[in-house]
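These are the residues of each chain, in order.
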Amino acid sequence: MYIQKHRAKPLNQRRAVTVAAIFVAGLLPVTHSFAQADWPNKPIRLYVGFAAGGPTDVFARVLARQLSEQLKQTVLVDNKPGANANLAAEAVVASPADGYTFLYNSSSIAISAGLYKNLKYDVRKDLAPVSMVMALPTVLVATSSVPVSNPAEFVSYLTANGAKSFFASGGAGNAQHLGMAMILRNYNLQATHTPYKGSSQAYPDLISGRVQFMLDAVPSLMPHIKDKSLKPIALATAKRLPELPGIPTLTESGMPGFELEAWYGVMAPARTPEAIIRKMSAEIAKAMDSEEVKRTIVAQGARPLETGPEKFTPYLRAEIERYSTIIKAIDLKLD
């Protein structure tokens, strides 16, 4: 029987194999590093959780156009509305974490974390904050027929008439609904919630007096405030606004530190390389300083935020916590 004996490779051949293995192993992080340094080298997709043509979409497209100019790569806006903007978030979470997919969403994403039991993603674990971009101030208004013009009169009126009073919102579980619930609980008041399919559908009933109160974005309500069909009661902002002189904030009217704004920001799939997140954050900050973006922010009645991941991450967690708290307090459940 013939048995082949194992022969050791010559020393110089073994050395060559070892050197080659070390070289190949060393290529992996180097190649990855080059990929990040070369980013972006193909188009970027920006998912928007709202329908085309609305104010959220309009700003997202202006931002995408400016980023395209800066990055020398096309930033494509992909509208994926539905399920309180969660469909867009799901699409981003399911995408590769390679720096070519981002999410443009609103404060609704913080609400979803505590509102939906069967959410297909975890905001804290599956998405990485990149940068906030802007926020819309909100104001509490009353229909012109109720004898309420300031926070004190608001409290007195609902103390006496809470059982037959109604407040509107653009939908159950949105920021308008939950913000108003926070206000009522703070003052120990009651009023019945009347949800509509969007703010614009609530306005006719609010103006006619079928519902008496609403918390909504200042720019949306301003035309009705100017024609005096609605009365501003208090601002849910940190400071008073020049466009509403004389209207106090809730912070100075019995709710210290209370702010409620509709904010917007950019996120990426978790595990996206930190270098790419930081570069995109820097590019967004640069874009926010462009004239076109500035004009769009002013036109929408918003204020710029320009915060990077260091500020966005704790802010997002705090927003999730406070919305989850009020959702539990009012025992709100949605499928």
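Everything in this summary refers to the structure shown in the same document. No experiment lies behind these values; they were computed from the predicted model shown. (Residues numbered from 1 in each chain as written. Predicted model: local features only at pLDDT ≥ 70, side-chain atom pairs only at ≥ 80, totals over all residues. Heavy atoms only, no water.)

1. Digging into the overall build of the protein
Stage number 1. Secondary structure assignment for the protein yields twelve helices and eleven strands.
Stage number 2. For the protein, the residues scored as buried account for 50% of the 335 residues in total.
Stage number 3. For the protein, long-range pairs separated by at least 24 residues make up 78% of all intrachain contacts whose partners lie at least 6 apart in sequence.
Stage number 4. Of the roughly 16800 Å² of accessible surface on the protein, 56% is carried by carbon and sulfur atoms. (Helix = DSSP H or I, 4+ residues; strand = E, 2+ residues; numbered from the N terminus. Buried < 20%, exposed > 50% of the residue type's maximum accessible area, 1.4 Å probe, protein only. Contact = heavy atoms within 4.5 Å. Areas by Shrake-Rupley, 256 points an atom, 1.4 Å probe, with all protein chains shown as cover.)

2. A closer look at the side chain of Gln70
Stage number 1. Considering the arrangement of structural elements, one finds Gln70 in helix α2 (residues 55–71).
Stage number 2. At 3.2 Å, the side chain of Gln70 forms a polar contact with the backbone nitrogen of Ala287.
Stage number 3. Residue contacts for Gln70: discarding those within four places in its chain leaves Glu283, Lys286 and Ala287. (Polar contact = N/O pair within 3.5 Å; in protein donor to acceptor, adjacent residues only side chain to side chain.)

3. Some details on empty space enclosed by the protein
Stage number 1. This structure, assessed with the given rule, holds one cavity of 30 Å³ or more.
Stage number 2. If you add up the space inside the largest cavity, you get close to 40 Å³.
Stage number 3. Of all the elements in the fold, those that place two or more residues in the lining of the largest cavity are β1 (44–48), α2 and α10 (274–288).
Stage number 4. Each residue belonging to the lining of the largest cavity can be placed in one class, and the counts come to nine nonpolar, no polar and no charged. (1 Å grid on protein atoms, 1.4 Å probe; cavity = no way out; pocket = protein on both sides within 12 Å on 5 of 7 lines; lining within 4 Å. Points joined across faces, edges and corners; volume = space filled by probe spheres on them. Nonpolar A, V, L, I, M, F, W, Y, C, P; charged D, E, K, R; others polar.)

4. A word on the sheet that holds strand β9 (residues 230–235)
Stage number 1. Strand order across the open sheet formed by five strands is β7-β6-β8-β5-β9, with mixed pairing between neighbours. Each having just a single partner strand, β7 (192–195) and β9 make up the two edges of the open sheet. On average, adjacent strands in this sheet sit at an angle of 30° to one another, irrespective of strand direction.
Stage number 2. Relative to strand β8 (residues 213–217), strand β5 (residues 138–143) runs antiparallel, the two sharing five bridges. For Thr138, the partnering residue across the bridge sits in β8 and is Ala217.
Stage number 3. Each of β5, β6 (166–169), β7 and β8 is contacted by helix α7 (residues 175–186), which is oriented at about 125° to β8, the strand it contacts most. (Pairing = 2+ DSSP bridges. Axes fitted to C-alpha atoms, helices over the stretch in contact; angles between N-to-C directions.)

5. Things to note about the pairing of β9
Stage number 1. Counting buried positions along β9 gives six out of six residues, so the element sits mostly inside the fold.
Stage number 2. Of the strand pairs in this sheet, β5 and β9 are connected by five bridges, and their pairing is antiparallel. Note on β9: the bridge partner recorded for Ala142 is Lys231.

6. Structural notes on the packing of α2 against helix α11 (residues 291–299)
Stage number 1. At a minimum axis separation of 9 Å, α2 and α11 run at an interaxial angle of 170°. Relative to α11, α2 is oriented roughly antiparallel. Only Glu292, Val293, Thr296 and Ile297 of α11 make contact with α2, whose side of the interface consists of Phe59, Val62, Arg65 and Gln66. (Parallel < 35°, antiparallel > 145°, perpendicular 65-115°, else oblique.)

7. Focus: the sheet that holds strand β11 (residues 303–307)
Stage number 1. Strand order in the open sheet made by the six strands is β2-β1-β3-β10-β4-β11, with mixed pairing throughout. Strands at the two margins of the open sheet, each flanked by one partner only, are β2 (75–79) and β11. Sheet twist, expressed as the average angle between the axes of neighbouring strands with direction ignored, equals 25°.
Stage number 2. Across three bridges, the pairing between strand β4 (residues 127–136) and β11 is antiparallel. Paired with Ala135 across the bridge in β11 is Arg303.
Stage number 3. In the packing of α10 onto the sheet, contacts are made with β1, β3 (101–106), β4, β10 (262–269) and β11, and the angle to β4 comes to roughly 15°.
Stage number 4. Relative to β4, helix α12 (residues 309–329) is tilted by about 80°, and along the sheet it contacts β4, β10 and β11.

8. What about the environment of Ala175?
Stage number 1. With respect to the secondary-structure elements, Ala175 resides in helix α7.
Stage number 2. Distance in space between the C-alpha atoms of Ala175 and Tyr323 is 8.5 Å, their sequence separation being 148 residues.

9. Examining the nonpolar core
Stage number 1. Counting 53 residues, the largest nonpolar core has Leu103, Ile109, Phe154, Ile183, Phe213, Trp263 and Leu316 as the members making the most contacts within it.
Stage number 2. Ranked by residue count, the leading element in this core is α7, at seven residues.
Stage number 3. In this structure Ile183 touches Phe154, Leu215, Leu250, Met255 and Phe258, once residues within four positions along its chain are discounted.
Stage number 4. Of all hydrophobic cores here, the second largest spans 35 residues; its members include Ile44, Phe59, Ala262 and Ile297. (Core = buried A, V, L, I, M, F, W, Y, C linked by side-chain atoms within 4.5 Å.)

10. Describing helix α9 (residues 218–226)
Two residues of an α-helix separated by three or four positions point the same way, owing to the 3.6 residues in each turn.
Stage number 1. Buried residues of α9: Val218, Leu221, Met222, His224 and Ile225, and no others.
Stage number 2. Packed against the buried residues of α9 are β5, α8 (199–208), β8 and β9.
Stage number 3. Looking one or two residues past α9, Lys228 carries a phi angle of roughly 65°, positive in sign.

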